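Tertiary structure, described
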Number of protein chains: 4
Amino acid sequence: MFFASDNAGPVHPSVMEALTAGNAGYAPSYGVDQTMVEVTARLREIFEAPEAAVYLVPTGTAANALALATLSDPWQTIFCSSVAHIHEDECNAPEFYSGGAKLTLVGRGDKMGAEELHAAIAGEQTRGVHGPQRGPVSITQVTERGTLYSLGELRGLCDVAKGFGLPVHMDGARFANALVALGCTAAEMTWKAGVDAVSFGGTKNGLMGVEAVIFFDPSKAWEFELRRKRGAHLFSKHRYLSLQMRAYLEGDLWIASARKANDNAAYLAEGLRQIEGTSFVYEPQANMIFCAFSRAAHQRLHDTGAAYYVWSGSLEGADPQEALEARLVCDWAIERAQIDAFLDILRG
Amino acid sequence: MFFASDNAGPVHPSVMEALTAGNAGYAPSYGVDQTMVEVTARLREIFEAPEAAVYLVPTGTAANALALATLSDPWQTIFCSSVAHIHEDECNAPEFYSGGAKLTLVGRGDKMGAEELHAAIAGEQTRGVHGPQRGPVSITQVTERGTLYSLGELRGLCDVAKGFGLPVHMDGARFANALVALGCTAAEMTWKAGVDAVSFGGTKNGLMGVEAVIFFDPSKAWEFELRRKRGAHLFSKHRYLSLQMRAYLEGDLWIASARKANDNAAYLAEGLRQIEGTSFVYEPQANMIFCAFSRAAHQRLHDTGAAYYVWSGSLEGADPQEALEARLVCDWAIERAQIDAFLDILRG
Amino acid sequence: MFFASDNAGPVHPSVMEALTAGNAGYAPSYGVDQTMVEVTARLREIFEAPEAAVYLVPTGTAANALALATLSDPWQTIFCSSVAHIHEDECNAPEFYSGGAKLTLVGRGDKMGAEELHAAIAGEQTRGVHGPQRGPVSITQVTERGTLYSLGELRGLCDVAKGFGLPVHMDGARFANALVALGCTAAEMTWKAGVDAVSFGGTKNGLMGVEAVIFFDPSKAWEFELRRKRGAHLFSKHRYLSLQMRAYLEGDLWIASARKANDNAAYLAEGLRQIEGTSFVYEPQANMIFCAFSRAAHQRLHDTGAAYYVWSGSLEGADPQEALEARLVCDWAIERAQIDAFLDILRG
Amino acid sequence: MFFASDNAGPVHPSVMEALTAGNAGYAPSYGVDQTMVEVTARLREIFEAPEAAVYLVPTGTAANALALATLSDPWQTIFCSSVAHIHEDECNAPEFYSGGAKLTLVGRGDKMGAEELHAAIAGEQTRGVHGPQRGPVSITQVTERGTLYSLGELRGLCDVAKGFGLPVHMDGARFANALVALGCTAAEMTWKAGVDAVSFGGTKNGLMGVEAVIFFDPSKAWEFELRRKRGAHLFSKHRYLSLQMRAYLEGDLWIASARKANDNAAYLAEGLRQIEGTSFVYEPQANMIFCAFSRAAHQRLHDTGAAYYVWSGSLEGADPQEALEARLVCDWAIERAQIDAFLDILRG
């Protein structure tokens, strides 16, 4: 019963097979392997962006920090949600990679609103050289609370950014889950809405450790390459990143896996919805569920080894009937039986 | 006929099997997987260092840059060979990770001499706050020219460093190759000689992309963990790094693979030695050979697709009998038949 | 009628005389001038801190950024008010000098409350290496809104910081104004309350461009010296900084000047208080006044060349009777006649 | 008998008077004072560069580090002499301000030769993203050994840089001394030779602490302004920098002072030349002399309190007849009587 994260499950068997199959002989190192040529071509196809620059890095934090550093200057501030991964969970990696840029937190809930974003951007840089300068906007899709920006909302945020001449980055650690949930194309969710660069996640959706960074305008491509190397994220045996990504894209495995994950979450959510005393903190839209249930239920789940994060903190000596907030994440690999078992225990 | 580098060959089949075998179910992420516990225990055993702090990172540059940043301050200078990888081949990663430290280049050939090192260190920090302050010494073993520091030489360098109160880092991207060549223990080549932290290479010796960083004194361990996370080198699905490293250590695969690589290089060197017009720039000691042969021979090798680096630059219109300098690297996987073929073509 | 800032007025005549008087012959450079010895001794006396390390730098931003960088690590977050100068007005200098630390904004008004601070600190570092680590607390006294932390409030904030083992920095750009207003000793307002390092302002109180940085615990003194040099803030002709600071301290000129400034502000405030349609946004406590008056009044003041900042933004086509918020700063040099003239125009 | 440096003498009386004269009333802060308008106009005139961007900063290290950071990227290497101030005497300020760029040392003596520079630049960036990328060239004029680049040599170095598309910075901490010695125009010594940005020294030539940074192509001006602010080098009471610089330029005081300094040095050199056992390490060309004399002579000078740097280190128990190398610097203020006294003691 593992619902702690989608970063702890197995590598998809097809990906592992691809690694094994590609493991023969010698391949040019440092990103110029033939497989990468195919990956680039395929991602350009998927994104309908024949000029896009495509790179692979091993972690989502690397993807975000390198992309944002490439889009920003050290004297700027990056606009993002107050619960953004780049703010809360990367130990200042964006600040490090950008050479000391600031993050301006927009909104208090799961998402940034267009008006909030406008106010935040307008509020900066009214003081000449004194304040931080306006920098890129970073949008997380799926959000860190399991919700989605609709295409309209995305366009709204990008329009605000564009109105100020600012580039837009998308943290797509769960890009596929969002795409499946919205039922749109990759182009619609990115450059057609106004996104300039995207961290296209793979690790949380069945890869071992690969994320793509895609720049729709390749003018900053060489700078990115230098930043990647300098950041120690250019793999010598790069083919093993390429092999993972190729397998991920092949036959739309990425779509299928995300759909499975979302379906699992929907199944779990449906079960939760029918349990009295359980409520959603955010309405689940992809593969993450934030729900509240009693401490007594948590105790039962805890005793059976169910793994998930308690989000609201753990207060000693609290009333067992009091609710706590939990994050439940489903990946493609979780079994329905596990979900059923979880629900059974929760029911008490 | 691939002699370009030891970072382009296949992953050792045992390692690939270990990855496949370990690919089931869920494992705690971000470095607290059970396999890592075993890796730490085994490396402590190998290094006879029961208190050592052990970490895994995906690239050699990450290992070096993070280790050196942890050992240094931004206002210091790091002492290293003028041909060190950290100086020549990491796109300023040490400068980036250290927050702007300097590198002081010692010596002009393959190695630093103890007297040169002493002079270089003594020459810094005679100007109070004005000059850079003295920082760590970084030793590359195997050197970038395929030669080795003897245990006596290592102790000599470390003694100089210790005399100034400076920590010592070893860039052991080819640690195993050195160990096999010297026939000593891991402890003898590191902490018993005076080394404080080591980048323990795996990628060039049959792994997909894993290096260990080992601090013999764990007092800086937590700082390293924060630097690793902030540098975006902490894998969420860390078990796949641990699985590689465990397989690497199991049954001394690392030793066996390095021995194979060294033996292949010795076989190639023996062949080269018997070809007239061919000479060694450095006497080969591990798995890298720097040798000179005629441009005409290079042309023949080039035409058959033999892969290796020309080290001395490529001058247009040069005399075909003139010698150029080539770097030939053997890994564990190169076949003897390939070496024989290479020698045949070289013979003309 | 200059109320725009206390950083635009003249150097106090005594200070200018001291510069002229000290301008003869040669003096040791880079901070080891004899005058600096006297400055250090005098500041230790004033602060009742005989072991304190004392340094001079030319700007307030340098004082703050260097002090905070010395007290923090790049993976930490610095806790400060949401209107702190280090956040709003230093173009990411703290982020730059610290190597990429973050700022966590506490509270929404002029001050941080102890409970807010506690909640903010408690809210960080519950995620191991993932979130930013807890770093120093920075308190601005006088606040950026012209108000004061009482000694009790200061102790309250410092107690919270100490409870988490965090160091405390005070941005005392208007230290003297605060001291005079509180009627306490320098020791009471700093280390006796729990402050570890203070930016002791001079520039806004009659100097040309000098601030002292004082560390009550000198253990980080050498690091500060290196950071100051590396930041290019160590003056070669340092005696001219020392001469200013010595003159500032001599005969308690700093106290007298701050008292004048505060008295001028009190006189202005008293006048404002009696003008109908004028109200205070914050109750003035030192030498800065945030007050609201009508746009029509602003227009009159503007037409006569009165200089001050409009704080609430400038809306085109607004109702002339609508209020706007202005910041009025008095320094020691402003003449009462100017204040009277300002009040006359405001009265209409 | 102070020959230790030109950074320890008095501020020129005219400059001090200008500071006093300008010390009345209020002036716009942060660089928009009216005096700065005049300074910019005058420097553009002097440099025959009507579009140049002109900035003032308080220290030479700030001028160099900010200019170089503006001209470089963090993944580049800056080419400079092995004895450059930016390498030896700024505690890694260029590395800090540039965000981790490297310095490549060219030559071993006082100057870089054009061929050496060409070889050094050509030697970098043959390894794609692996090595540091080629960055700006920094030329020190007067050199750190008191010698001069002729206009032809300057053009030669700049031609090499331009051939590689690299910008050129001039560290002109002693710009005026060089100009006077060469008898050329400021334009000839800078942009007409190919220099893109210059640190135009004032502090070593009679100012309290002001250097100008001049960009002949203003396209990076705004970036420089942000870097200056972020580096905490933008003075609030900026007029006091402007006043110094205006006085420095007025009536060509800068030229007259440099001429005095050079003449003083020539007078000293002439005296030294006639003392047996004294020889020049470098032929003096401006206001710095590197000469050798016996340890016995040094002992006599030391006993009378003569101040200068011993350059060759101090060996205990050495033969008193053995020569040591000393650096003797003359500024505009040193009196001939002091020089005569020095020579007398040296004569023994």
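Criteria and cut-off values
- Within any chain, residue numbers begin from 1 and follow the written order of that chain's sequence.
- Whichever chain is written first is A, and whichever ligand is written first is 1; the rest continue in order.
- In keeping with the model being predicted, local features are shown solely for residues with a pLDDT of at least 70 and side-chain atom pairs are shown and tallied solely at 80 or more, while totals for entire chains, interfaces and linings include all residues.
- Runs of H or I in DSSP of at least four residues are treated as helices and runs of E of at least two as strands, each being numbered from the N terminus.
- Burial is judged by counting other C-beta atoms within 10 Å of a residue's own C-beta: 20 or more means buried, 12 or fewer means exposed, and anything between counts as partly exposed, with every C-beta placed from the backbone.
- What counts as a contact here is a pair of residues whose C-beta atoms, placed from the backbone, lie within 7 Å.
- Segmentation into domains, and thus their bounds, comes from an automatic or database assignment.
- For this classification, Asp, Glu, Lys and Arg are treated as charged, while Ala, Val, Leu, Ile, Met, Phe, Trp, Tyr, Cys and Pro are nonpolar and the rest, including Gly, are polar.
- Only residues with pLDDT of at least 70 in both copies count here: their C-alpha atoms drive the least-squares fit that superposes the copies.
- At least two bridges found by DSSP between two strands is the condition for calling them paired.
- Crossovers are described as right-handed under a simple rule: with the strands pointing away from the observer, the path leading from the first strand over the helix to the second runs clockwise.
- Note: pLDDT gives the predictor's confidence per residue, expressed from 0 to 100.

Some thoughts on the environment of D:Asp196
All names here are of chain D. Mapped onto the elements, Asp196 comes out in the loop between α9 (186-189) and β6 (197-201). The exposure class of Asp196 is buried, given the 24 C-beta atoms found within 10 Å. Counting along the chain gives 93 residues from Asp196 to Leu103, while the straight-line C-alpha distance between them is 18 Å. Contacts of Asp196, omitting those with residues within four sequence positions, involve Leu71, Pro167, Val168, His169, Phe216 and Asp217.

Structural notes on the domain arrangement of chain A
All names here are of chain A. For chain A, the assigned domains read domain 1 (13-253) and domain 2 (254-341). One C-alpha centre belongs to domain 1, the other to domain 2, and the line joining them spans 28 Å. Each partner contributes to the interface: domain 1 provides 19 residues, whereas domain 2 provides 18 residues. Every element with two or more residues in the side of domain 1 that touches domain 2 is listed here: α8 (175-182) and α11 (239-249). If one sorts the elements of the side of domain 1 that touches domain 2 by residue count, α8 sits on top with 6 residues. The residue inventory of the side of domain 1 that touches domain 2, partitioned by class, reads 10 nonpolar, 5 polar and 4 charged.

Quick look at the relation of the copies chain B and chain C
Least-squares fitting of chain B to chain C yields an RMSD of 0.0 Å, with the superposition described by an axial translation of 0.1 Å and a rotation of 180 degrees. Considering both components of the superposition, the chain copies are consistent with a two-fold axis. Among all residues of chain B, the one whose C-alpha sits closest to the rotation axis is B:Gly99, at a distance of 3.2 Å. When the interface residues of chain B are mapped onto chain C, 100% of them again lie at the interface, so the same face is used by both copies.

Digging into the interface of chain B and chain C
Contacts between the two partners involve 11 residues from chain B and, on the opposite side, 11 residues from chain C. Looking at the side of chain B that touches chain C, the element that brings in the most residues is helix α10 (residues 221-230) of chain B, giving 4 residues. Looking at the side of chain B that touches chain C residue by residue, the classes come out as 5 nonpolar, 3 polar and 3 charged.

Remarks on unusual backbone geometry
All names here are of chain A. Going from Gln141 to Val142, the amide bond is cis rather than trans, its omega being -10 degrees. Notably, Glu48 is not glycine yet its phi reads approximately 50 degrees, a positive angle. Along the chain, Glu48 turns up in the loop between α2 (34-46) and β1 (53-57). The phi dihedral of Cys91 is positive, around 50 degrees, even though this residue is not glycine.

A few points about the pairing of strand β1 (residues 53-57) of chain D
Residue and element names in this part refer to chain D. Burial analysis of β1 places 5 of its 5 residues in the buried class, the great majority of the element. Neither face of β1 is exposed, since Ala53, Tyr55 and Val57 on one face and Val54 and Leu56 on the opposite face are all buried. Note: β1 against strand β7 (residues 211-215), 5 bridges, orientation antiparallel. Of the residues in β7, the one forming a bridge with Leu56 is Ala212.

Quick look at α10(B)
By the criterion of burial, α10(B) is predominantly enclosed, with 7 of the 10 residues buried. Every buried residue of α10(B) is accounted for by B:Phe224, B:Glu225, B:Leu226, B:Arg227, B:Arg228, B:Lys229 and B:Arg230. Here the buried face of α10(B) lies against α5 (93-98) of chain A, β1 (53-57), α3 (60-71) and β7 (211-215) of chain B together with β4 (133-140) of chain C. B:Ala232, located one to two residues past α10(B), shows a positive phi value of around 70 degrees.

Here's the deal with the pairing of β4(C)
Residue and element names in this part refer to chain C. Buried residues dominate β4, accounting for 8 of its 8 residues. The pairing of strand β2 (residues 76-81) with β4 spans 3 bridges and is classified as parallel. In the strand pairing of β4, Thr77 is matched with Arg134. Bridge analysis of β4 against strand β5 (residues 168-172) gives 4 bridges, and the strand direction is parallel. Across the sheet, Ser138 pairs through a bridge with His169, a residue of β5. Following the backbone out of β4, through helix α7 (residues 151-163) and into the adjacent parallel β5, one traces a crossover that is right-handed.

Looking at the interface of chain C and chain D
Taken residue by residue, the interface counts 39 residues in chain C and 39 residues in chain D. Broken down by secondary-structure element, the contributors of at least two residues to the side of chain C that touches chain D are α1 (13-21), α3 (60-71), α5 (93-98) and α10 (221-230) of chain C. Split by residue class, the side of chain C that touches chain D holds 21 nonpolar, 15 polar and 3 charged.

Digging into the environment of B:Gly135
All names here are of chain B. Structurally, Gly135 is set in strand β4 (residues 133-140). Judged by the 26 C-beta atoms lying within 10 Å of it, Gly135 falls in the buried class. Sequence-wise, Gly135 and Phe79 are 56 residues apart; in three dimensions their C-alpha atoms are separated by 7.1 Å. Apart from residues lying up to four places away in sequence, Gly135 is in contact with Ser72, Asp73, Gln76, Thr77, Ile78, Ala101 and Leu166.

Some points on the relation of the copies chain C and chain D
It takes a turn of 180 degrees to lay chain C on chain D, together with a shift of 0.0 Å along the axis; the resulting RMSD is 0.0 Å. In this assembly, 100% of the residues forming the interface of chain C have copies in chain D that are likewise at the interface, indicating an isologous arrangement.

A short note on the confidence of the model for chain A
Predicted confidence across chain A gives a mean pLDDT of 95, with 98% of residues reaching 70 or more. Note on the complex model: pTM 0.97, ipTM 0.96.

A closer look at the environment of B:Ala221
Residue and element names in this part refer to chain B. Its location among the elements puts Ala221 in helix α10. On a C-alpha basis, the gap between Ala221 and Val83 in space is 29 Å, while along the polypeptide they are 138 residues apart. Excluding residues within four positions of it along the chain, Ala221 makes contact with Ala53 and Phe215.

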